[in-house]
Amino acid sequence: MLDGFAATLGVRVTVLAELTGVRPSGGHREPAPEVVDTASLIWETRHVTRGQIGELSAYAKVLGGK
């Protein structure tokens, strides 16, 4: 899980391990680019306003045909 949190927060696993005291998994590997992109998107959604959420929901309904 440490690898996933590090990707989401945009920090190196070693830094997060040092800060939290959690040992990284033995098979540490750099996340794939698509994982990093997805993590960045998740992190940036914290800036979305209530109005923007409404707009996104309406747009999703249009795209989904519902």
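Refer to the structure printed above.
Residues numbered from 1 in each chain as written. Predicted model: local features only at pLDDT ≥ 70, side-chain atom pairs only at ≥ 80, totals over all residues. Heavy atoms only, no water.

> So what's going on with the nonpolar core? Residues and values would help.
Taken as a class, soluble globular proteins show a tendency for nonpolar side chains to be buried jointly. Within the largest apolar cluster, 5 residues are counted, these being L2, A6, V13, L16 and A17. It is helix α2 (residues 13-20) that contributes the most residues to this core, 3 residues altogether. (Core = buried A, V, L, I, M, F, W, Y, C linked by side-chain atoms within 4.5 Å. Buried < 20%, exposed > 50% of the residue type's maximum accessible area, 1.4 Å probe, protein only. Helix = DSSP H or I, 4+ residues; strand = E, 2+ residues; numbered from the N terminus.)

> Requested: an account of the environment of P31, with residues and values cited.
For P31, the position within the fold is in the loop between α2 and α3 (33-44). On the accessibility criterion, P31 (34% relative accessible area) is partly exposed. Each C-alpha atom of the pair P31 and L19 lies 20 Å from the other, and the pair is 12 residues apart in sequence.

> How would you explain the packing of helix α1 (residues 2-9) against α2 if you had to name every residue and give the values?
Here α1 crosses α2 at 110°, and the two axes come no closer than 9 Å. As summarised for this structure, α1 and α2 are arranged roughly perpendicular, according to the angle between their axes. The residues of α2 that touch α1, namely those facing L2, D3, F5, A6 and L9, are V13, L16, A17 and T20. Classifying every residue of the contact of α1 with α2 gives 7 nonpolar, 1 polar and 1 charged. (Axes fitted to C-alpha atoms, helices over the stretch in contact; angles between N-to-C directions. Parallel < 35°, antiparallel > 145°, perpendicular 65-115°, else oblique. Contact = heavy atoms within 4.5 Å. Nonpolar A, V, L, I, M, F, W, Y, C, P; charged D, E, K, R; others polar.)

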